[in-house]
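Residues per chain are reported as follows:
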Amino acid sequence: MSEKVSRRRFAKLAGLSAAGIASPLEVHAARSVRAPRGAGGFPPGFVWGTATSSYQVEGAVSEDGRGASIWDTFTRIPGKIEDGTNGDRANEHYHRYKDDIALIRELGCKAYRFSIAWPRVFPDGDGKPNPKGLDFYDCLIDELLRNGIEPWLTLYHWDLPQSLQDRFGGWRSTETCKIFGDYAAYVAAKLTDRVKNVFTLNESGRFVYFGYGIGIDAPGLTLPQAEVNQIRHHSALAHGIAVQAVRAHGRRGTRVGPAENIDACVPAIDAPEHVRAAEIALREMNAGYLNVIMEGRYTDAFLTFAGRDAPKYTDAELKIISSPVDFLGLNIYAPQHYIVASDQGAGFAPLSIPKSFPHMNSDWLRVGPETIYWVPKLASRIWKTDAIYISENGASGDDQVTPDGKIYDTDRIMYLRNYLAQLQRATAEGVPVRGYFLWSLMDNFEWVYGLNERFGLYHVNFDTQVRTPKLSASFYRNVIARNAAGA
Ligand code: NOJ
């Protein structure tokens, strides 16, 4: 398969599955005032944050006793990563975290979502913890708090200890789920004196299918559908076990929930029959993970559709999977399905997406701002949740450095402005979205694309490690300062 083809194929599958402040602007941002509610304003106390993940930014992969992860192994297979890079250095955040936290502070963010590299804390996944691994997160958390930034921790953002892959086949085995629970318990016991919010697994919707179904992500397997469904079930089980572990071992009041790339269904037209169809579609398209977490059962349509490939499970497992969560974290980037009502089947039909549909620098990242209005709105209706966080939203851009050394990413600003306006529309209607984490603080290792696709508010020169604020950093700072979308 040529690189071109694989890239196109990736884009297609991604679409189906599941994404300094220039000085004159500083003056502008300083002048801005908080917007009144009703004038594009967000509710008081809305959490404005930004996000990264361990393998994408930390580097230092063999330092201080860190064990290998499946991504260390996978990125070494020739041809797997488009530009041949890996996370060995990435953003050197392991050593530069203090400077990076200063960048978060510059934005005015009050929250930062990061993930723990499991193999830093348990080099083999289980067994003896590596004290130096946890030390890093201790220091990171303390530094965040010193800067008035609340740490939001993700337990699993894809860097599975290689040892668990070797010994148990990774998420193919429930052994990995149990060990994940022990790791979650350990982290909760050590860190929830300061960390009040924990995300369990990031994007089951991607890492299961891409990692075990089509081999685009680590561990790079192409297993039959029945096994993929079983692995997805294991990921839901791991989520539930982690929820229970955090409750049992964390400080009382620690909040815990998933961070899922919900399969985003959007009514093609804002008319009652299509909205209802999109609601049905959202529940069904997310039956394999979010819905079983929230409802404690696989839907009939899901089981019928899966047929002989349906996962094997017990009632006891469903109970664990549906342990009550404190919030729903949703990663929302692109509209995945535009839905219309249908008198066939379950009552909805996904439309095919025209080739000319606009997208950002990543082919898969279609621009559909109303997605961030409809998906939380319908999700809160279906699952009766009173707290939703947008655990990720953001955009890749071209991000050329101009001769004056600056990056005028008006494309990213366009994307963010429109998405945030739609998010504000949702909160103004009472949809319980409580916070937003912009992906990403800075350009970083974008998995299969390597360093080629940039999502950061800060541009990173990966040779010199110099960080330069893009124009969008000023934009976001202004949004936060005004607590309003139309900045
Ligand atoms: C979702 C993933 O959680 C994150 O790791 C990735 O970089 C962004 N989307 C952008 O693709």
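Sequence order sets the numbering: in each chain, residues are counted from 1 along the sequence as written. Given that the model is predicted, a residue must reach a pLDDT of at least 70 before its local features are reported, and side-chain atom pairs must reach 80 or more before they are shown or counted; all residues, however, enter totals for whole chains, interfaces and linings. As a rule here, side-chain values cover all heavy atoms of the structure and leave hydrogens and water aside.

A. A look at the environment of Phe-46. Put simply, DSSP H or I for four residues or longer makes a helix, DSSP E for two residues or longer makes a strand, and each gets a number counted from the N terminus. Looking at the element boundaries, Phe-46 is found in the loop between helix H2 (23–31) and strand S1 (47–51). Given the relative accessible area of 9%, Phe-46 is considered buried. A C-alpha to C-alpha distance of 29 Å links Phe-46 and Ile-321, two positions 275 residues apart in sequence. Between two residues, a contact is recorded if the distance between any of their heavy atoms is within 4.5 Å. Contact partners of Phe-46, with chain neighbours within four places excluded, come to Leu-423, Thr-427, Val-433, Arg-434, Gly-435, Tyr-436 and Asn-483. Buried, partly exposed and exposed residues are distinguished by accessible area as a fraction of the type maximum, computed with a 1.4 Å probe on protein chains only: under 20%, between the cut-offs, and over 50%, respectively.

B. Here's a closer look at helix H12 (residues 272–285). Across its 14 residues, H12 extends 20 Å between first and last C-alpha, which sits within 8% of the 20 Å expected from 1.5 Å per residue. His-274, Val-275, Ala-277, Ala-278, Glu-279, Ala-281, Leu-282 and Glu-284 are the residues of H12 that are buried. Residues of H12 that are buried sit in contact with strand S6 (265–267), helix H14 (300–306), strand S8 (337–341), strand S9 (348–351) and helix H16 (371–383). Each residue after the first adds 1.5 Å to the expected span of a helix.

C. Structural detail: the confidence of the model for the protein chain. Averaged over every residue, the pLDDT of the protein chain is 93; the share at 70 or more is 92%. Summary of the metric used: pLDDT quantifies the predictor's per-residue confidence within the range 0 to 100. Here residues 1–33 scores under 50 on pLDDT; set against residues more than four positions off or in separate chains, the count is 71 contacts.

D. The sheet that holds S1, seen in detail. On the basis of which strands lie adjacent, the closed barrel formed by eight strands has the order S1-S2-S3-S4-S5-S7-S10-S11 and parallel pairing. Neighbour-to-neighbour, the strand axes of this sheet turn through a mean angle of 25°, independent of strand direction. The strands that helix H10 (residues 204–213) touches are strand S3 (150–156), strand S4 (197–202) and strand S5 (255–260); relative to S4, the one it contacts most, it runs at about 25°. Pairing between strands requires that DSSP locate at least two bridges from one strand to the other. Axis definition: a line fit to C-alpha positions, over the contact stretch in the case of helices; interaxial angles, taken between N-to-C directions, run 0 to 180 degrees.

E. Just the environment of Gly-405, in detail. By secondary structure assignment, the location of Gly-405 is in the loop between strand S10 (388–393) and helix H17 (410–428). Gly-405 gets classed as partly exposed once you look at its relative accessible area, which sits at 35%. Distance from Gly-405 to Thr-468, taken between C-alpha atoms, is 8.5 Å for residues 63 residues apart in sequence.

F. Geometry of the nonpolar core. Trp-71, Trp-118, Leu-155, Tyr-156, Trp-171, Phe-180 and Tyr-436 are the most contacted members of the largest nonpolar core, which has 153 residues in total. Among the elements that line this core, the one with the most residues is helix H11 (residues 225–249), at ten residues. Look past the residues within four positions of Tyr-156 in its chain and what remains in contact with it is Ile-70, Trp-118, Trp-171, Phe-180, Thr-200, Leu-201, Asn-202 and Phe-207. The criterion is simple. A nonpolar core is a set of buried Ala, Val, Leu, Ile, Met, Phe, Trp, Tyr and Cys residues joined through side-chain atoms within 4.5 Å.

G. Main features of the pairing of S8. Taken across its five residues, S8 has four buried, putting it largely inside the fold. Where S6 and S8 come together, three bridges link them in parallel fashion. Residue pairing for S8: Val-266 is matched across the bridge by Tyr-338. Counted between consecutive antiparallel strands, the loop separating S8 from S9 contains six residues, among which Gly-345 sits at a positive phi close to 50°.

H. The pairing of strand S7 (residues 328–331), seen in detail. Burial along S7 is two-sided: the residues Leu-328 and Leu-330 and Gly-329 and Asn-331 are all buried. Both S5 and S7 contribute to a ladder of two bridges, which runs parallel. Paired with Glu-260 across the strands is Leu-330, a residue of S7.

I. Summary view of the sheet that holds S6. Pairing in this open sheet of three strands is mixed, and the strands run S6-S8-S9 from one edge to the other. Since the sheet does not close on itself, it has two edges, and those belong to S6 and S9, each with one partner. Neighbour-to-neighbour, the strand axes of this sheet turn through a mean angle of 45°, independent of strand direction. Strand direction decides the pairing type here: S8 and S9, joined by four bridges, are antiparallel. Looking at S9, one finds that Tyr-338 is bridged to Leu-351. Relative to S8, H12 is tilted by about 125°, and along the sheet it contacts S6, S8 and S9.

J. Representation of the side chain of Asn-91. Here Asn-91 is to be found in the loop between helix H4 (70–74) and helix H5 (93–107). Note on Asn-91: relative accessible area 0%, which makes it buried. Other than its neighbours up to four places away in sequence, Asn-91 contacts Gln-56, Val-57, Arg-96, Met-442, Asp-443, Asn-444, Phe-445, Val-460, Phe-462, Gln-465 and Arg-467.

K. Quick peek at the packing of aromatic side chains. Classification of ring pairs rests on two measures: the distance between centres of Phe, Tyr or Trp rings, Trp counted by its six-membered ring, which must be within 6.5 Å, and the angle between planes, read as stacked under 30 degrees, edge-to-face over 60 and tilted in between. Enumeration according to the criterion identifies 46 aromatic pairs in this entry. Between Tyr-97 and Phe-136, the aromatic rings sit 5.5 Å apart at their centres with planes inclined by 90°, giving edge-to-face as the arrangement. Placement of the pair is Tyr-97 in helix H5 and Phe-136 in helix H7 (residues 131–146), with a sequence separation of 39 residues. Of the residues examined, Tyr-97 reaches a relative accessible area of 12% and is grouped as buried. Overall, Phe-136 belongs to the buried group, its relative accessible area being 5%. Ring geometry for Tyr-338 against Phe-357: centres 5.7 Å apart, planes inclined by 35°, an arrangement best described as tilted. Of this pair, Tyr-338 sits in strand S8 while Phe-357 sits in the loop between S9 and H16, placing them 19 residues apart in sequence.

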